[in-house]
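Coordinates in review
Here's the letter readout for the chains.
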Amino acid sequence: MSRPQAPRGTRDLLPTERTSFLRLEAIARGLTDRYGYQPIETPLFEQAEVFERGVGAVTDVVEKELFRVSAGRGDTERERWALRPEPTAGMVRAYIQHGMQTLPQPVKLTLIGPMFRYDRPQAGRYRQFWQFDVEAFGDTGPAIDAEILDLALRFYAEAGLPGVELRLNSIGDRVCRPGYISELSDYFAAHADALPELERARLTTSPLRLLDSKDAAMQPLIAAAPSITDHLCTECAQHFAALRAHLDAMGVTYRLDPRLVRGLDYYTRTTFEFFPQGREGQQDALGGGGRYDGLIELLGGRPTPGIGFGLGLDRVVLALAAAGVTPPELGIVATVVVGADPADTVTRLRIATQLRAAGLSARAELGQRKLGKQLESASRDGAHLAVICGDEMAAGQVLVRDLQAGTQRPVALGELVREIQRSQAQHRHGDGSR
Ligand code: AMP
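Calculation criteria
- Residues numbered from 1 in each chain as written.
- Predicted model: local features only at pLDDT ≥ 70, side-chain atom pairs only at ≥ 80, totals over all residues.
- Heavy atoms only, no water.
- Helix = DSSP H or I, 4+ residues; strand = E, 2+ residues; numbered from the N terminus.
- Rg over C-alpha atoms; globule rule 2.2 N^0.38 Å.
- Contact = heavy atoms within 4.5 Å.
- Areas by Shrake-Rupley, 256 points an atom, 1.4 Å probe, with all protein chains shown as cover.
- Near = heavy atom within 4 Å.
- Polar contact = N/O pair within 3.5 Å; in protein donor to acceptor, adjacent residues only side chain to side chain.
- Nonpolar A, V, L, I, M, F, W, Y, C, P; charged D, E, K, R; others polar.
- Pairing = 2+ DSSP bridges.
- Axes fitted to C-alpha atoms, helices over the stretch in contact; angles between N-to-C directions.
- Salt bridge = Lys/Arg side-chain N within 4 Å of Asp/Glu carboxyl O.
- Buried < 20%, exposed > 50% of the residue type's maximum accessible area, 1.4 Å probe, protein only.
- Core = buried A, V, L, I, M, F, W, Y, C linked by side-chain atoms within 4.5 Å.
- Disulfide = S-S within 2.5 Å.
- Arc of directions from axis to C-beta.

Looking only at helices and strands, the protein chain features 14 helices and 16 strands. Here the protein chain has a C-alpha radius of gyration of 28 Å; the compact-globule value for 434 residues is 22 Å, and the former is much larger. Contacts in the protein chain between residues at least 24 apart in sequence constitute 69% of all its contacts with a sequence separation of at least 6. Surface exposure of the protein chain reaches about 21000 Å², of which carbon and sulfur atoms provide 53%.

Right, dumping it as structure tokens:
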């Protein structure tokens, strides 16, 4: 029998990579706490309709990439389910279902977790990937739009990724976008012969999507297409100008990108994406988001504005590795308990347990090896201290050895926790090697 592999487009996050993810998650949690976002978790799968309506039926995410799931056994519940391709639609569903519209607004929520898209796997594009997401419901902006953009940029800065570029656009609202879309349709219709098949089909269903096309043949046509920025109604133009004024006042830099329409149907006004310095390709996009003032109504709620972003954590880990930034290692124990009597695992385990109960990171050497071998393995693991149980035990003492300095001293068992706390604090403030 052949050996099973992780499914195509998925991967195991081995300890080094998982550590990078955990570090990013900790940065994200710290930031969302400081900015007043509350954590939420929604199911990894929803009724497919939540995404079909919430993301838009004529989008790549729903048309080509939705990861539909079936319970098998005849699907007795007669549900059509899909794994979540993005978090916003599920969070909006939860916001409506739990009556969060009656809470003081805005309701500010955050979620970190895996998303699923049944796409052709390639570098930086997985079928299961992770997003850090924030959503603010019930505020029309533009101040909160600026605050959210600042939060995202601060996340990249704290992650140690320099020079992330913010690309910004406004795609209008239900007042001004229809006029623009009809002009855009006329423009592309006049070039129908030059359109690739998929784009020609979308001309009638979702002409805005053509601006998002990755097809090389489309690029000159897209570059010459009418620009939404020239078609914004007064309210949308004012909203966009005020957003830019907020960003300027906060010292946030950005590049205006009038072709940035984002892949999802529900965006209104503010749209944005983040790219590593000097990178253009969609496959390099680090994250994106925007305002979706019509979405909550679309999913059955009272008309309520909203804005949010989803940042791809896999891409940040890749970009950090490309920039040579290595995260600190986690999971290295600071103290190893060893003993002169190889068979006496009881004493070693008991002392390690006491240290852990006191909040210290400790491991007992459980192999029945000679003391020299036990000490070697402690050094190899990068431990800072070894607690040696030997003849001194008869006098209620152990030896505490500094494995890096090579010095050791007897310590009374009753003093051990305090002594180790003291030397670990010294170690942390000393050479800072961990
Ligand atoms: P989107 O909503 O498609 O703009 O996705 C938001 C962010 O999630 C992107 O900017 C990427 O960083 C990340 N992302 C989207 N799809 C994938 C994927 N298939 N694999 C890895 N990361 C992804």
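A few words now on the site of the ligand. With respect to spatial proximity, 13 residues lie near the ligand, and among them R117, Y126, R262, A285 and G287 are the closest. Separating an oxygen atom of the ligand from a backbone N or O atom of L286 is a distance of 3.1 Å. Taking G287, its main chain carries an N or O atom lying 3.0 Å from an oxygen atom of the ligand. Compared with its free state, where it exposes 480 Å², the ligand has 91% of that area covered by protein. Broken down by secondary-structure element, the contributors of at least two residues to the shell around the ligand are strand 6 (128–137) and strand 11 (306–312). For the shell around the ligand, the class distribution of residues is four nonpolar, five polar and four charged.

Right, let's get into the sheet that holds strand 13 (residues 362–364). The mixed open sheet is built from five strands, whose spatial order is 13-12-14-15-16. Looking at strand neighbours, the two that pair on one side only are strand 13 and strand 16 (407–412), the edges of this open sheet. Strand-to-strand twist in this sheet, taken as the mean axis angle between neighbours without regard to direction, amounts to 25 degrees. Summarising the sheet, strand 12 (residues 335–339) and strand 13 pair through three bridges and their orientation is parallel. Note on strand 13: the bridge partner recorded for V337 is A364. Lying on the sheet, helix 12 (residues 345–357) is in contact with strand 12, strand 13, strand 14 (385–389) and strand 15 (397–402); it crosses strand 13 at an angle near 170 degrees. The sheet strands contacting helix 13 (residues 371–380) are strand 12, strand 13, strand 14 and strand 15, and the helix crosses strand 12 at an angle near 170 degrees.

Another point: the pattern of salt bridges. Here the structure, examined in full by the defined rule, presents 25 salt bridges. Ionic pairing is found between R11 and E17, a salt bridge with its closest N-O pair at 3.2 Å. Judged by relative accessible area, R11 falls into the partly exposed class, the value being 22%. What makes E17 partly exposed here is its relative accessible area of 24%. Among the salt bridges present, the one from D293 reaches R291, with a minimum N-O distance of 2.9 Å.

Membership of the largest hydrophobic core comes to 81 residues, with the highest contact counts inside it found for F155, F188 and F274. Here this core gets ten residues from one element, more than from any other, and that element is helix 5 (residues 143–159). In contact with F188, not counting residues within four places along its chain, are L195, L203, P207, L210, L211, M218, L221 and A225. Counting 15 residues, the second-largest nonpolar core is a separate cluster that includes A352, L355, A362 and V400.

This brings us to the sheet that holds strand 3 (residues 68–69). Read across the sheet, three strands follow the order 2-4-3 without closing on themselves; strand pairing throughout is antiparallel. Across the chains shown, the open sheet's two edge strands, defined by having one partner strand only, are strand 2 (45–47) and strand 3. By the bridge criterion, three bridges tie strand 2 to strand 4 (residues 81–83) in an arrangement that is antiparallel. The residue bridging F45 from the neighbouring strand is L83, located in strand 4.

Let us look at the environment of R84. Following the sequence through the fold, R84 ends up in the loop between strand 4 and helix 4 (88–97). Owing to a relative accessible area of 2%, R84 belongs among the buried residues under this scheme. Along the backbone, R84 and E199 are 115 residues apart, and their C-alpha atoms lie at a distance of 26 Å. Among residues more than four places away in sequence, those in contact with R84 are E41, T42, P43, L44, F45, F51, L111, G113, P114, M115 and F116. At a separation of 3.3 Å, a polar atom in the side chain of R84 contacts the side chain of E41.

Right, let's talk about the state of the cysteines for a bit. As used in these notes, a disulfide is a covalent bond between sulfur atoms, one from each of two cysteines. Tallied over the entire structure, the rule returns zero disulfides. Counting only cysteine sulfurs, C233 is the nearest neighbor of C176, a cysteine outside any disulfide, at a range of 3.6 Å.

Consecutive side chains along a regular strand alternate between the two faces of the sheet. Burial within strand 7 (residues 165–170) is extensive, with five of its six residues counted as buried. Sheet analysis places strand 7 next to strand 9 (residues 268–275), joined by six bridges and oriented antiparallel. Bridge assignment links R167 to a residue of strand 9, and that residue is E273. Bridge count between strand 7 and strand 8 (residues 255–256): two bridges; the pairing is parallel. Looking across to strand 8, one finds that R167 is bridged to R255.

A few words on helix 7 (residues 197–205). Buried within helix 7 we find E199, R202 and L203. End-on view of helix 7: buried residues confined to an arc of 125 degrees, all on one side of the axis. Exposed residues on helix 7 whose side chains face more than 90 degrees from its buried face are E197, T204 and T205. The elements touched by buried residues of helix 7 are helix 3 (60–63) and helix 6 (177–190).

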